[in-house]
Amino acid sequence: MRGDTTSSRSETAVHPVVLALNDRISSNSIPGNRVDNRKIAIAIEGGGMRGCVAAGMITAIWYLGLQSAVDVVYGSSAGSLVGAYFIAGQVPYYGPEVYYDVLTSAGEEFIDTLAILRSCGLGLLDLRLDSLFRLFTDRMGKPVLNLDYLLGTIVQRIKPLNWEVFWKKQQNKEQVLKVVASGLLSRKAVVMSAETNNFKNLTELAECMKASMLLPGVTGEVMRLKGAQAESENIAKTWWREYVSWTNSDLILGSEPMSDAQMFEPVPYRSALKENCTHVIVLRTRADDLSVTAKMGLMEK
């Protein structure tokens, strides 16, 4: 992907998105009480630990006093987490600290490189007692990248998202969060939000984020929403088998299997345009002109 930060070939031209932001700030326009017909979005690229880059950029937007000019935030993978903290008003420090403070000291709680053996079908080579025990008790084994630690322990306990502030903005449609994932049956980007009933509490929001971040095998089984979470029209329905134990499983109606947004929309600006956003600020975690898909290492292959 190649960015376009100028509106014309003139070096003095001001980009139309910048003009729209300035107009809103100068007119004291606030979410929920707009005086224009614009719909301004932030689209945040994912990229695992590159979320620290997105967190830095979202902090810059806060520092410039532009947060009130934004109507909706689209987040792919790690971008959805960064966007949630932004909407909850937990920048510049609290939310971004997840990347540079908490995860950097999490150790095997977050990333367990030896767990890749189980993912490759070589679990017997991992001689740790806990890993051997999981061979007989856990169908998938311990994930290499533990999203439950990130989205459960950290986001809900260590650095809890301010749900009261966040949810009020969702209900009033002041600043809406759209979580983008990849639908593996529909083979397209799936957009999840409070508007489409995909989440109504912090636990359900974490499940949507997990779907957006999930790398099958590396982070566990593919994610499916069920019950009211799976009622939105943009998610395909399917019966799927939920394994309670090795010998006990039930078929449950729910959503299609979903995984990392990287497959169909790693930079979620297309969803923003599809949903009638007039101006989009795109936050990229890779440098301009670099491929969205990086060269893979041996383990990734």
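The coordinates are above.
Residues numbered from 1 in each chain as written. Predicted model: local features only at pLDDT ≥ 70, side-chain atom pairs only at ≥ 80, totals over all residues. Heavy atoms only, no water.

**Q** Pulling in residues and values, what's your account of the packing of helix α2 (residues 51-63) against helix α3 (residues 78-87)?
**A** As a packed pair, α2 and α3 sit with axes 9 Å apart at the nearest point and diverge in direction by 30 degrees. As judged from the angle between their axes, α2 and α3 are roughly parallel. Of the two possible hands of crossing, α2 and α3 adopt the one that is right-handed. Every residue of α3 that contacts α2 at Gly51, Ala54, Ala55, Ile58 and Ile61 is listed here: Ala78, Val82 and Phe86. Residues that form the contact of α2 with α3 fall into these classes: 7 nonpolar, 1 polar and no charged. (Axes fitted to C-alpha atoms, helices over the stretch in contact; angles between N-to-C directions. Helix = DSSP H or I, 4+ residues; strand = E, 2+ residues; numbered from the N terminus. Parallel < 35°, antiparallel > 145°, perpendicular 65-115°, else oblique. Left-handed = near helix turned anticlockwise from the far one by under 90°. Contact = heavy atoms within 4.5 Å. Nonpolar A, V, L, I, M, F, W, Y, C, P; charged D, E, K, R; others polar.)

**Q** Give me the lowdown on the nonpolar core, citing residues and values where you can.
**A** Ile42, Leu150, Leu161, Phe166, Met192 and Leu205 are the most contacted members of the largest nonpolar core, which totals 61 residues. The residues contacting Ile42, other than those within four sequence positions of it, are Ile58, Ile61, Val70, Val72, Val73, Tyr74, Phe86, Ile281 and Leu283. In terms of nonpolar packing, the next biggest core, distinct from the first, is built from 11 residues, Ala43, Val72, Tyr74 and Ala261 among them. (Core = buried A, V, L, I, M, F, W, Y, C linked by side-chain atoms within 4.5 Å. Buried < 20%, exposed > 50% of the residue type's maximum accessible area, 1.4 Å probe, protein only.)

**Q** Provide a residue-level description of the packing of helix α7 (residues 147-158) against helix α9 (residues 202-213), including the pertinent values.
**A** The N-to-C vectors of α7 and α9 enclose an angle of 145 degrees; their axes lie 10 Å apart at closest approach. Viewed along their axes, α7 and α9 form a crossing whose handedness is right-handed. Facing Leu147, Asp148, Leu150, Leu151, Val155 and Gln156 of α7, the residues of α9 in contact are Leu202, Thr203, Ala206, Met209, Lys210 and Met213. Grouping the constituent residues of the contact of α7 with α9 by class yields 8 nonpolar, 2 polar and 2 charged.

**Q** Can you break down the packing of aromatic side chains residue by residue, with the values?
**A** The tally for this structure, following the rule as stated, stands at 3 aromatic pairs. Ring geometry for Phe166 against Phe199: centres 6.3 Å apart, planes inclined by 35 degrees, an arrangement best described as tilted. A residue pair is termed long-range when its members are at least 10 positions apart, and Phe166 in helix α8 (residues 163-171) and Phe199 in the loop between β4 (188-192) and α9 qualify at 33 residues. For Phe166, a relative accessible area of 0% gives the class buried. Overall, the relative accessible area of 0% leaves Phe199 in the buried class. Residue placement shows Lys159 over the ring face of Tyr94; its charged tip is 4.7 Å from the ring centre. (Phe/Tyr/Trp six-rings, centres within 6.5 Å; stacked < 30°, edge-to-face > 60°. Lys NZ or Arg CZ within 6 Å of the ring centre and 35° of its normal.)

**Q** I'd love a proper account of the state of the cysteines, names of residues and values included.
**A** Summed over the entire model, instances satisfying the criterion amount to 0 disulfides. Looking at Cys208, it has no disulfide partner, and the nearest cysteine sulfur is the one in Cys277, 19 Å off. Among the residues examined, Cys208 registers a relative accessible area of 0% and is labelled buried. (Disulfide = S-S within 2.5 Å.)

**Q** Which residues make up unusual backbone geometry, and what values do they have?
**A** In this structure, Pro92 follows Val91 across a cis peptide bond, with omega equal to 15 degrees. Tracing the backbone through its elements, the reader meets Pro92 in the loop between α3 and α4 (97-102). Here Asn28, not a glycine, exhibits a phi torsion of approximately 55 degrees, which is positive. Relative to the elements of secondary structure, Asn28 occurs in the loop between α1 (16-26) and β1 (40-44). Relative accessible area serves as the criterion here: at 64%, Asn28 is assigned to the exposed category. With a phi close to 55 degrees, Lys173 is a non-glycine residue in the positive phi region. Looking at the element boundaries, Lys173 is found in the loop between α8 and β3 (176-183). Residue Lys173 is classed as exposed on the basis of its relative accessible area, which comes to 54%.

By themselves, these figures tell us nothing about what the structure is for.
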